[in-house]
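Next come the chains, spelled out residue by residue.
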Amino acid sequence: MFRRISSIKDFGVFNNFTGGTLPEFAPFNLIYGWNYSGKTTLSRVFRCLEDGALHPDYPNARFDVVHADGTQYDHAFATPCNVRVFNEDFRKAHLRWDDTDGLNPILLLGAENIERRDNLVQKQMQRAQLDDQRKAAVAEAKRLDDRISKAETDCASQIVNELPVGRFNRTNLRPIISAWNGTMPDALPPEQVQAARGKVSAEQKDVLPDLSIVTHSINQLWRDGIALLSDQIDSSATIARLLEHPDIATWVEHGRHLHDGKSHCEFCEGELTIARKAALNAHFSDAFDDLKKRITTTIDELTGQRMEFAGAAYPLSGFYADLHAEHIQAGRELALARDGFNGAIQALIDALKKKQRNPFDIVQAPDGEPQSDPLAAAARRFQALIDENNDRTRRFNSARNDAVAMLKDHYAADAMRRIDRFALEVRIGAQKKAVTDSEAALVVLDLEIANLQAELSNATKGAEAINETLRRFFGKADIQVKVTDSDRFQLMRGEAPARNLSEGERTAIAFCYFITKLLENGNNLSQTIVYIDDPISSLDAHHLLHVCAFIRTIFYRFNEGAPKPARHECLARQLFISTHSHEFFNLMLDWMRKMSDQMYRTYLVERTDANGLVASKIIPCPDSIQKYRSEYLYIFHQIAGYAENPQNDHQIIFNLGNMARRFIEGYASFKFLEHVNIDSSIDRLITDPVDAERARKFMHFYSHTLSRSAGMRLPDMSEAQSIVTLILDAVRNHDPVHYGSLEATR
């Protein structure tokens, strides 16, 4: 049972209602409100709870209803509740007032169908559980698949960002993963990954020239050079001074050829005697010249054996980044081997030059001999580096593509390893199997449920049920329904189709149909919260009494002899009745007043217009409505309140013409003791003919605007206040005592 409505927000005229201070709901709850005050909107709050969804006109609505056990029922519909609502929405959804259409077929279970019903309920519960399992498996499979998809998307993004692959997404990634055949590849060593990245990021280098270093054996040349260092010339004719001074000897040697045929020295102009020339020629003999020539030849040959390495042709920048370390080591080794080889040759050349300066001396031979094998090995190593670099250049695109392929595989394996992809795929497969199994079981269950529903859907019994309800309501077999060949309900009046139904009959039939549906499918009325909104719209007095009696019969039981309050029992879990009819309100209130106070509550739906904001709220029903059974007194309170506090509230202004007319007709009927209309009575109250005509036209023109056929016609606020004040003053002047009594009730 509901305890109270805590709040309603953004739900039509209930834009910000809080009900924390309202008296708590009772088993029976009677709600009064003028037309357009918000009664139907309030019933729609309850219908939202019935449907488990917000009303389409109020998608942003919020509300909170508190159950007696503290359970919260709100716009999230997390907790279902058993509510049934009769209102305009119910009538529109279930009845079509057309000669060719009737009511939607109904389902009512008989005693013979209890076993089928129980079986149906059980299978529907099984189906709900199975469908929940299916949905959970679908959701889990999707969650796991989304995890894989995200890892694939992230991996594809990494590949696009780090590798020159152009467009690449998870669709391109999946063939790489499929090639693993369900076995995750091992992680690559970091140095291998780094090397591949270097290949990918490298720029293509130029082809480098081969080394021009060619090493030959110089053993014989070396031995010849060593032999020259110890070669001796006959010294019997040597000149001692020249032997002691090799520089002078060299100078004299070169100058000797300048003095051929000369008799005087070109330097000092001293006389050159024949004896002196003979002595010099003897000193610089043919053997002397031959030795020097052989020394010069050997020096030239040794110089030609020196190994030169043009390092500028092989700069570090000419090699790929991953070959830089080898370039440094191989280049250093080659330079050391070159310098050692050339150094040994240079040492022998220097010794020979010394011998050449003084051929008569024996010159010490150098210690080291040039080593060609280390130089050849170093040259081969550096040439191998050149070859590898050039080969890389020649197959640059292929090598880079191989590196890209390896890195794509590496990135994919790393990403899939982090989420344990193949284990996830096993789990996804299990969830998909659960979905398939559930769907197969649901097909079987749906067929069984459909068969049971077909067996239970007995249109004849449905027709009998609603016809019985109509007989109970009208008290005679007047309007009935019959089942057509297409299993639809046709309204009949006797043997002919029912046409031109009055508004009262339509409302009564709709209400009977609601009661029938309320009891269908074995619904437990004692566990159902029922809300009935305006069940007597446009009914005549006869139907009014029928509705009151019918509601009492359906929803109330008097347990004679039982202790209070159990003597009065609500057959529903809780009953709410809202109405705009003062007569119906008083009939219901008279019945409820016979119960104990805790069994019923009365409320008023009040609509206001403050600062241009139309808002409705629920308040305890005022004594002016409960204490006095007359609608006449209620209308007086409404128009007197407006006269004192006029507001530009369309709800009040909209009804002022109708309320003023009914107030004047009510006053005239008991005051003059005759049935008169305002045309014949207004002049007896308002003696000024101009004022009387103003009041008459106001009441005539605005008293029937509740019919929407002509659109909404609203009087001006100042005009409305003037006419209402005029009417009240007329009644006060006509019968001050009566008017004072009316005022005393406020």
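Quick note: structure is the one above.
First, a word on what this report is: a plain description of the structure on this page. Being a predicted model, the structure only gives us computed values, none of them experimental.

**A word on the overall build of the protein**
So, point 1. Helix and strand content of the protein: 25 helices and 17 strands.
So, point 2. By residue count, 44% of the 746 residues in the protein fall in the buried class.
So, point 3. Within the protein, residue pairs in contact and separated by at least 24 positions form 75% of the contacts whose partners lie at least 6 positions apart.

**With respect to helix H6 (residues 219-229)**
Each α-helix winds once per 3.6 residues, and so residues spaced three or four apart point in a common direction.
So, point 1. Those residues of H6 that fall on the buried side of the exposure criterion are Leu221, Trp222, Gly225, Leu228 and Leu229. Looking straight down H6, one finds that the buried residues subtend no more than 120 degrees of arc, so they occupy a single side.

**Notes on the pairing of strand E3 (residues 28-32)**
Here is the key point about a regular strand: its side chains alternate between the two faces of the sheet.
So, point 1. In terms of burial, E3 is a largely internal element, five of the five residues being buried.
So, point 2. Side chains Phe28, Leu30 and Tyr32 project from E3 onto one buried face, and the interleaved Asn29 and Ile31 project onto a second face that is buried too.

**Things to note about the nonpolar core**
So, point 1. The biggest cluster of nonpolar side chains holds 92 residues, and the ones touching the most others in it are Phe28, Phe555 and Phe663.
So, point 2. For this core, the domains that each give at least three residues are domain 1 (2-97 + 501-621) and domain 4 (631-744).
So, point 3. Not counting residues within four places of it along the chain, the set of residues in contact with Phe28 comprises Phe555, Tyr556, Glu569, Cys570, Leu575, Trp591, Met592, Met595, Met599, Tyr600 and Arg601.
So, point 4. If you look at the next biggest cluster of nonpolar residues, it comprises 36 residues, including Ile218, Leu291, Phe341 and Leu352.

**Some remarks on empty space enclosed by the protein**
So, point 1. Counted according to the given criterion, the structure contains two cavities of 30 Å³ or more.
So, point 2. For the second largest cavity, the calculated volume is near 40 Å³.
So, point 3. Lys199, Ala202, Tyr320, Arg392, Phe396, Ala399 and Arg400 together form the lining of the second largest cavity.
So, point 4. Looking at the lining of the second largest cavity, the element that brings in the most residues is helix H13 (residues 396-419), giving three residues.
So, point 5. Class assignment of the residues belonging to the lining of the second largest cavity gives a composition of four nonpolar, no polar and three charged.

**A look at the packing of aromatic side chains**
So, point 1. For the structure on display, the rule yields 27 aromatic pairs.
So, point 2. Aromatic side chains Phe28 and Trp591 sit 5.4 Å apart centroid to centroid with 75 degrees between the ring planes, which places their arrangement in the edge-to-face category. Here the residue Phe28 occupies a position in strand E3, and Trp591 occupies one in helix H18 (residues 582-592), the gap between them amounting to 563 residues.
So, point 3. Note on Trp591: relative accessible area 5%, which makes it buried.

**A word on the environment of Arg472**
So, point 1. In this fold, Arg472 is placed in helix H15 (residues 459-474).
So, point 2. Relative accessible area serves as the criterion here: at 42%, Arg472 is assigned to the partly exposed category.
So, point 3. Measuring from C-alpha to C-alpha, the distance between Arg472 and Cys512 comes to 9.1 Å, with 40 residues separating the pair along the chain.
So, point 4. Setting aside anything within four residues of it in sequence, one finds Arg472 in contact with Phe550, Thr553 and Ile554.

**Quick word on the environment of Tyr556**
So, point 1. For Tyr556, the position within the fold is in strand E13 (residues 556-558).
So, point 2. When its relative accessible area of 9% is taken as the criterion, Tyr556 is described as buried.
So, point 3. Through-space distance from the C-alpha of Tyr556 to that of Leu575 is 9.8 Å; in sequence the pair is 19 residues apart.
So, point 4. Excluding its chain neighbours within four sequence positions, the residues that come into contact with Tyr556 are Phe28, Ile551, His568, Glu569, Leu571, Trp591 and Met595.
So, point 5. Reaching out from Tyr556, the side chain makes a polar contact with the side chain of His568 at a distance of 2.6 Å.

**Quick notes on the sheet that holds strand E2 (residues 14-18)**
So, point 1. The four strands are arranged E2-E1-E4-E5 in an open sheet whose pairing can be described as antiparallel. Every interior strand has two partners, whereas the edge strands, E2 and strand E5 (72-74), have only one. The mean inter-strand angle of the sheet, taken between neighbouring strand axes irrespective of direction, is 20 degrees.
So, point 2. Taken together, the three bridges between strand E4 (residues 62-67) and E5 define a ladder with antiparallel strand orientation. Counted as the bridge partner of Val66 is Gln72 from E5.

**Some thoughts on the packing of helix H4 (residues 170-178) against H13**
So, point 1. Put simply, H4 and H13 touch, their axes get as near as 10 Å, and they point 85 degrees apart. Accordingly, the angle class assigned to the pair H4 and H13 is roughly perpendicular. Contact with H4, carried on its side by Leu173, Ile176 and Ile177, involves Lys408, Asp409, Ala412 and Met416 of H13 and no other residues of that element.
So, point 2. Residues that form the contact of H4 with H13 fall into these classes: five nonpolar, no polar and two charged.

**Some details on the pattern of salt bridges**
So, point 1. Scanning the model with the defined rule gives 36 salt bridges in all.
So, point 2. The partner of Arg91 in a salt bridge is Glu88, with the nearest N and O atoms 2.8 Å apart. In this pair, Arg91 and Glu88 are both assigned in helix H2 (residues 88-94), three residues apart and thus about one turn of the helix distant.
So, point 3. We classify Arg91 as buried; its relative accessible area is 14%.
So, point 4. Members of the salt-bridge network, linked through shared partners, are Glu152, Arg174, Arg421 and Glu425.

**Considerations on the packing of helix H11 (residues 324-357) against helix H12 (residues 372-394)**
So, point 1. It is at 8 Å that the axes of H11 and H12 come closest, and there the two elements cross at 155 degrees. On the basis of their axis angle, the class for H11 and H12 is roughly antiparallel. Taken as a pair, H11 and H12 cross one another with a handedness that is left-handed. When H11 is examined against H12, the residues Glu326, His327, Gln329, Ala330, Gly331, Glu333, Leu334, Ala337, Arg338 and Phe341 are found in contact with a partner set consisting of Ser372, Pro374, Leu375, Ala378, Ala379, Arg381, Phe382 and Leu385.
So, point 2. The residue makeup of the contact of H11 with H12, split by class, is 10 nonpolar, four polar and four charged.

Definitions and limits used
Along each chain, residues carry numbers from 1 onward, in the same order as the chain's sequence is written. The predicted origin of the model limits local features to residues at a pLDDT of at least 70 and limits the giving and counting of side-chain atom pairs to 80 or more, whereas totals for whole chains, interfaces and linings rest on all residues. Here the side-chain values reflect all heavy atoms present in the structure, with hydrogen atoms and water set aside. In DSSP terms, a helix is any run of H or I states spanning at least four residues, a strand is any run of E spanning at least two, and both are numbered starting from the N terminus. We call a residue buried when its accessible area falls under 20% of the maximum for its residue type, exposed when it is over 50%, and partly exposed in between, using a 1.4 Å probe and counting protein chains only. Any two residues whose heavy atoms approach within 4.5 Å are treated as being in contact. The arc in question is traced by the directions running from the helix axis to the C-beta atoms. By nonpolar core we mean a set of buried residues, namely Ala, Val, Leu, Ile, Met, Phe, Trp, Tyr and Cys, connected to one another through side-chain atoms within 4.5 Å. Domain segmentation is taken from an automatic or database assignment of domains. A pocket here means an open set of points on a 1 Å grid, computed over the protein atoms alone, that has protein on both sides within 12 Å along at least five of seven lines. A cavity is instead a set of points where a 1.4 Å probe fits but cannot get out; residues with an atom within 4 Å of a point line either one. Grid points are joined across faces, edges and corners, and a volume is the space filled by probe spheres set on the points. Nonpolar residues are Ala, Val, Leu, Ile, Met, Phe, Trp, Tyr, Cys and Pro. Charged residues are Asp, Glu, Lys and Arg, and all others, Gly as well, are polar. Only centres within 6.5 Å qualify two rings of Phe, Tyr or Trp (six-membered ring in Trp) as a pair; their planes then separate them into stacked at under 30 degrees, edge-to-face at over 60, and tilted for everything else. For the purposes of these results, a polar contact is taken to be a pair of N or O atoms within 3.5 Å, where, inside protein, one atom must be able to donate a hydrogen and its partner to accept one; residues adjacent in sequence count only when each atom of the pair is a side-chain atom. Here a strand pair is declared whenever DSSP counts at least two bridges between the two strands. Orientation is described by axes fitted as lines to C-alpha atoms, over the contacting stretch for helices, and by angles from 0 to 180 degrees between their N-to-C directions. Any angle from 65 to 115 degrees is called roughly perpendicular, while one under 35 is roughly parallel, one over 145 is roughly antiparallel, and all others are oblique. Salt bridges are defined as contacts in which a side-chain nitrogen from Lys or Arg sits within 4 Å of a carboxyl oxygen from Asp or Glu. We call a crossing left-handed when the near helix sits turned anticlockwise from the far one by less than a right angle, and right-handed when that turn is clockwise.

Read these as spatial facts, not as claims about activity.
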